[in-house]
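Fold and contact review
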Amino acid sequence: GKGWNIYRGCTVDVNTGKLTLGDAPERCKSGDDNATPAINAKAQYRLKPVELSDRAWNTMCDMNKSIVLEGEVKGNVSKFQGGGKGKKRARGGNGNNHNPHHNNNHNRPNNNNPNRSQWRINGWKNFEKFIQDHPPYDIVIDGANIGYYEQNFANSPKHVDYKQIDWVLRHLLESNGGNHRIMLFLHERHFSPRLAPDWAFALFRAWDSREESPAYDYGRLTVYRTPAGMNDDWYWMHAALVNGEKRKDEDAATSMSSSSVLAITNDEMRDHHFQMSAQGSFLRWKERHQVYFDFGAWNRDLRRRDVLLTYPKSYSRRIQRVDCCIDVDGGGGEAIVIPLAKRGDEGRFTDGLHMAEEDVPEEETYVVIQRVI
């Protein structure tokens, strides 16, 4: 090669991942060539998605399982460890008869029961079997996060907003050509007659049914009721990880492009981040698989508020090697792309503590080190 051109302050089209090279690159010659590298601003580069390796997938699955069953990952201490979420509201029955379309949990021991560890293990085995026995899904939903969204107001109900959860479900079931398969995670206490209002039970029965309509089909929905005393976050996380790896293998075999299993939640999952020692892998997974939600105005035709989903970008904001998108004369070789800090960055790096300074730009910028050929 003839050396390198270094472009600073490069911008990116966030919809496509296409980079725009900055002006006046710095020129670095190779050791055996006295010629000045050519400037070629015509070269085009596009950022790529950086997925996890098989090893990273398996490590995260093992860590998640260890956190739930053993209460910790060895050598890593967190106040969130043990798979629990602390004190809960009073619980009653789950208000549902047995249905193969959902799980039911019984025989729950007291927290001080010496058999609790074995109960936890048995519950996890039942959960793994539940996952295996149901069709592959492409979306997992953090039901409590959606149900409690914007519910912190005076005289707000103690229960989650079940209608908000249903709005998201129906939006997904009606989209993507009706091909989404969804697994909803919601703690079993939210199905209790002591907590849920009477009108919600008709909704629960619909979720558990194989009901079909011209607009949506609850038959493509599976509901998992997280057992008492357990943190539902660790359960939907595991479902996204374990089935996400399966779907990645399936997509590779069929030459299909897929983001694997997506998780719909606004939870920044800082407890997951600090609990897992594979923090870099976790942040990369989060960047590629978390979908944020919001609600818009009331839609008269749909008789619900519009659901606004923010999907992962088509590319990863990571250090990566990229090839030139077009053929050019000189300077169009491969490049190394390095993301720079932007305002709002927090916990993007492996220490989980980094927070960007206020004087950095709001938009994404990059350094592009272009190989001259």
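Keep in mind that what you see is a predicted model, and the values were worked out from it rather than measured.

Further remarks concern unusual backbone geometry. Residues other than glycine seldom take positive phi values, yet Glu150 does so here, at roughly 55 degrees. Assignment of secondary structure puts Glu150 in the loop between helix 3 (143-147) and helix 4 (162-174). The residue Asn155 is not glycine, and still its phi comes out positive at about 60 degrees. Mapped onto the fold, Asn155 is located in the loop between helix 3 and helix 4. According to the relative accessible area criterion, Asn155 is exposed, its value standing at 81%.

Per the counting criterion, the structure on display carries two cavities of 30 Å³ or more. Empty space within the largest cavity amounts to approximately 60 Å³. For the largest cavity, the full set of lining residues is His134, Pro135, Pro136, Tyr137, Arg181, Ile182, Arg220, Leu221 and Thr222. There is about 30 Å³ of room inside the second largest cavity. Residue lining of the second largest cavity: Trp119, Arg120, Gly123, Pro227, Met230 and Tyr235, and that is the complete set. Classifying every residue of the lining of the second largest cavity gives four nonpolar, one polar and one charged.

On average, residues of the protein score 78 in pLDDT, and 70% of them are at 70 or above. Averaged pLDDT values for the elements of the protein fall to 63 in helix 7 (residues 270-275) and rise to 97 in strand 5 (residues 139-142). Predicted confidence is poor over residues 349-353, with pLDDT under 50, and the contacts of this stretch with residues over four places away or in other chains come to twelve contacts.

Here the focus is helix 1 (residues 54-70). Helix length check: helix 1 (17 residues) gives 24 Å between terminal C-alpha atoms against 24 Å at 1.5 Å per residue, within 8%. Among all positions in helix 1, only Ala56, Trp57, Met60, Cys61, Met63, Asn64, Ser66, Ile67, Val68 and Leu69 are buried.

This part covers the pattern of salt bridges. Counting across every chain of the model gives twelve salt bridges. Salt-bridge contacts for Glu51 lead to Arg288; the nearest nitrogen and oxygen are separated by 3.9 Å. You can see Glu51 sitting in the loop between strand 4 (45-46) and helix 1 and its partner Arg288 sitting in helix 8 (residues 279-289), a full 237 residues away along the chain. Under the relative-accessibility criterion, Glu51 is labelled partly exposed at 29%. The buried category is assigned to Arg288, whose relative accessible area is 4%.

It is worth spelling out the side chain of Gln151 at this point. Along the polypeptide, Gln151 turns up in the loop between helix 3 and helix 4. Residue class for Gln151 comes out buried when judged on its relative accessible area of 12%.

What counts as what
Every chain begins its residue count from 1, and numbering advances along the sequence as written. Per-residue local features of the predicted model are confined to residues with pLDDT of at least 70, and side-chain atom pairs are confined, for both listing and counting, to 80 or more; whole-chain, interface and lining totals are unaffected and use all residues. Values shown for side chains rest on all heavy atoms present in the structure; no hydrogens or waters enter the calculation. Strands are runs of DSSP state E lasting at least 2 residues, helices are runs of H or I lasting at least 4, and numbering of each runs from the N terminus. Here the term buried applies to any residue with accessible area under 20% of the maximum for its type, exposed to any over 50%, and partly exposed to those in between, with areas from a 1.4 Å probe on protein chains only. Note on definitions: the grid is 1 Å and covers protein atoms alone; a cavity is a set of points where a 1.4 Å probe fits but cannot get out; a pocket is an open set with protein on both sides within 12 Å along at least five of seven lines; lining residues have an atom within 4 Å of a point. Grid points are joined across faces, edges and corners, and a volume is the space filled by probe spheres set on the points. Residues are grouped as follows: Ala, Val, Leu, Ile, Met, Phe, Trp, Tyr, Cys and Pro are nonpolar; Asp, Glu, Lys and Arg are charged; every other residue, Gly included, is polar. Per-residue confidence from the predictor is reported as pLDDT, a score between 0 and 100. Two residues form a contact once any of their heavy atoms are found within 4.5 Å. Any helix carries an expected span of 1.5 Å times its number of residues minus one. Take a side-chain nitrogen of Lys or Arg and a carboxyl oxygen of Asp or Glu: if they are within 4 Å of each other, that pair is a salt bridge.

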